[in-house]
Amino acid sequence: MFQNFLKVTVRSLLKSKVFVFINIVGLGLALACCIIAFLNYEFAQTFDRQHENFSELYEVSVRIDQNGAEVPHGYVPMPLGPAIKVENPSIERVSRFERAGVTIKKGDNVFNRSMAFVDDDFLKMFSFPMLHGNADSYSELSTVLISEKVAVSLFGRENAVGETIELVVSERPNLFLTVGGVFEEPGLQSSLRFQLIADFENFYRNFNVEKGDWTRFVDGLFIQTNDESIAENLPSSLQKYAAIQAEVRKDLPASSFWVTPMKDVAFVQRDYNATNLGNETLHPAHILAPNVMALLILLLACFNFTNTAIAMSNKRLKEIGVRKTVGGSRAQLVFQFLGENLVLCLLALVMGLLFSLWLVDKYNGMWSNLDIQVTLLNNPGMLIFLVATLIGTALLAGGYPAIFVSRYKPVAILRGTLRVGSSSVLSKVLLGFQMLISVMALVFGFTFLQNSSFQENMDMGYEKQGIVMAPLSTPQEAERFKLAVQANPLIESMAVTNGHVAWSSYQREVKTGDNQANVMVLDVGPNYMETLEFKLLEGKAFYTAKPRV
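Nothing here was measured: the structure is a model prediction, and the numbers come from that model. Residue positions are given per chain, counted from 1 along the sequence in the order it is written. Per-residue local features of the predicted model are confined to residues with pLDDT of at least 70, and side-chain atom pairs are confined, for both listing and counting, to 80 or more; whole-chain, interface and lining totals are unaffected and use all residues. Computation of side-chain values covers all heavy atoms of the structure but excludes hydrogens and water.

A.B. asks: Quick question: what am I supposed to make of the packing of aromatic side chains here?
C.D. replies: Two numbers describe a pair of aromatic rings. These are the distance of the centres and the angle of the planes. Only rings of Phe, Tyr and Trp enter the pairing, Trp through its six-membered ring, and a pair is recorded when the two centres are within 6.5 Å. The plane angle decides the type: under 30 degrees is stacked, over 60 is edge-to-face, the rest tilted. In total, this model carries 20 aromatic pairs according to the counting rule given. Taken together, a centroid distance of 5.6 Å and an interplanar angle of 55° make the contact between Phe-117 and Phe-203 tilted. One end of the pair, Phe-117, is in strand E5 (residues 109–118); the other, Phe-203, is in helix H6 (residues 200–207), and 86 residues separate them in sequence. Both residues of the pair, Phe-117 and Phe-203, belong to the buried class. Seen in terms of ring centroids, Phe-303 and Phe-433 are 6.0 Å apart; in terms of plane orientation they differ by 45°. Their pairing is tilted. Of the two residues, Phe-303 is situated in helix H10 (residues 284–312) and Phe-433 in helix H15 (residues 425–457); the sequence distance between them amounts to 130 residues. Summary of the burial criterion: residues with accessible area below 20% of their type's maximum are buried, those above 50% are exposed, and those between are partly exposed, where the area comes from a 1.4 Å probe applied to protein chains only. Since its relative accessible area comes to 15%, Phe-303 is described here as buried. Residue classification places Phe-433 among the partly exposed positions, given a relative accessible area of 41%. What links up through ring pairs into an aromatic cluster is the set Phe-97, Phe-122, Phe-126, Phe-128, Phe-183, Phe-194 and Phe-222. Strands are runs of DSSP state E lasting at least two residues, helices are runs of H or I lasting at least four, and both sets are numbered from the N terminus onward.

Spelled out as structure tokens, the structure:
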């Protein structure tokens, strides 16, 4: 039976080569778009899932009272971590996370990288695989862990255990640290991004910070516990620390704390003020838009499949009439036509996979924070999606034609009085939907292009083109760099500054009369406003000769 079904299917497809080609290519492109959309969605939804303790990890964050409004911030008071660990026995592990830019040297090789200052529990909580060395060695003040990329950059090889690197420290002698281990650098699906790991004690030493200083904040505070009620119960027990912090930071007073499960951390980072974990998941629009577009394209291809299948059914009327006359049942005909549609969809799926292998690199190239790959062996979710999409597409595209064609009466067919074409009500409705979806896709596409062009060319109030920023560690280094570069005739203007627009700033409270507000402050040096061609609405820029206060 199956052999006969297969023979009939092959003969039918070979008789309608143009029909088969159009539908395989059309459905293949649509399924390729669906595969890319699924991988995009999966990438966003599987952030931080590489950690073995993922379900037990939580982030503690603070709300700051700003003119009566509780504004969520990503950072927390620095001494809160040790206090939590002492007073909450249900919490198994605690680690602070402070991410800082540092300059590291080895001979003539000098690089700016991100260093994470963490507590002893950090690598027991989070799964960042060690490639070489000992994960616990960073607890020694003279030892540091580096990523394999840093190891290759500095030493030309991955295994750099035992080597020494020089850490440039502002206004003090540089520190020499021994590499205790090499870890796999966090990928694009990690909320925490860094290239070096050092013990938090080094943060106190390098930045001259007092351990119990409640005026200082750290970028993150993470806890590990199997108590699922921790998100509800912990904030109330921490309220007393909000009063302690608010007493010493009148400009940034803490009003309350809250706890976020690790599964939500990557999604809420963009809603926080002053977050610096290093990464966040895709924007909601970046997740939703490809899904909507892929669904519309798939519907367009399915409607085209249905229309062409109905139109091509005229060629098989005699076959249907004969099979019914000799005793063939309607169920057998439905099975035959659905089977043929399933084979066609299977061929389209293979074509879609081939298309997706080409599309995925183009899609990745559009986003710096995205890296999706078409893999089947190690991705059961992808296999389930492909099987579900195959069956769903076969039923959606070929279900109605199979039922529609199989209901023909053999008498009308054999007399030659039955004709089927594209003038039926269903065909007109489907053609209307095809036109609607096509127009919507064109409108969305042009809107996307116009929005991209607008954002690229919009006036930000300063010059964006031709500006190069060079992060430097000390004022002395900045002055040396300035003297070395300003002699270049291609350099039109130069400024040394502590901060840079869209790069570094801090928050302060300002008052005038009875009015007060929290504002973002940018520390800049002489000639900065002129170099970036800021457009002042009123007043004048800073005088070069005026001493800095």
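A.B. asks: Is there a simple way to think about the nonpolar core in this case?
C.D. replies: Within soluble globular proteins, side chains that are nonpolar generally end up buried alongside one another. For our purposes a nonpolar core is just a set of buried Ala, Val, Leu, Ile, Met, Phe, Trp, Tyr and Cys residues, chained together by side-chain atoms within 4.5 Å. Counting residues in each nonpolar core, the largest one holds 49 residues, and the members touching the most others are Val-60, Leu-80, Ile-84, Ile-146, Ile-165 and Ile-223. Not counting chain neighbours up to four residues away, the residues in contact with Ile-223 comprise Glu-56, Leu-57, Tyr-58, Val-60, Ile-84, Ile-91, Arg-93, Val-94, Met-125, Ile-230 and Leu-234. Residues Ala-294, Phe-305, Ile-372 and Val-374 belong to the second largest nonpolar core, which totals 38 residues. By the convention used here, residues are in contact when the closest approach between their heavy atoms is within 4.5 Å.

A.B. asks: Can you walk me through the side chain of Thr-225 in this structure?
C.D. replies: Relative to the helices and strands, Thr-225 resides in the loop between strand E12 (220–224) and helix H7 (230–237). By relative accessible area, Thr-225 is classed as buried at 1%. Polar contact is the term for a pair of N or O atoms within 3.5 Å; when the atoms are in protein, one must be able to donate a hydrogen and the other to accept it, and sequence-neighboring residues count only if both atoms are side-chain atoms. Within the structure, Thr-225 has its side chain in polar contact with the backbone oxygen of Ser-90 (distance 2.9 Å).

A.B. asks: How should I be thinking about helix H8 (residues 239–248) in this particular structure?
C.D. replies: Every α-helix winds through 3.6 residues per turn, so residues three or four apart in the chain are directed the same way. Taken together, the buried positions of H8 are Tyr-241, Ala-242, Gln-245 and Ala-246. Within H8, the buried residues cover an arc of 140° as seen down the axis, which keeps them to one side. Among the exposed residues of H8, those pointing more than 90 degrees away from its buried face are Ala-243 and Glu-247. Throughout, the arc means that of the directions going from the helix axis to the C-beta atoms.

A.B. asks: Looking at this structure, how should I read the layout of surface pockets?
C.D. replies: By rolling a water-sized probe across the atoms, one finds the places where empty space is left. The computed volume of the second largest pocket comes to approximately 1,200 Å³. Considering the residues around the second largest pocket, the lining is formed by 29 residues, among which Ala-289, Pro-290, Met-366, Trp-367 and Phe-448 are closest to the centre. The element contributing the most residues to the lining of the second largest pocket is H10, with 8 residues. Using a grid of 1 Å spacing that covers the protein atoms alone, one calls a set of points a cavity when a 1.4 Å probe fits there but cannot get out, and a pocket when the set is open and has protein on both sides within 12 Å along at least five of seven lines; lining residues are those with an atom within 4 Å of a point. Grid points are joined across faces, edges and corners, and a volume is the space filled by probe spheres set on the points.

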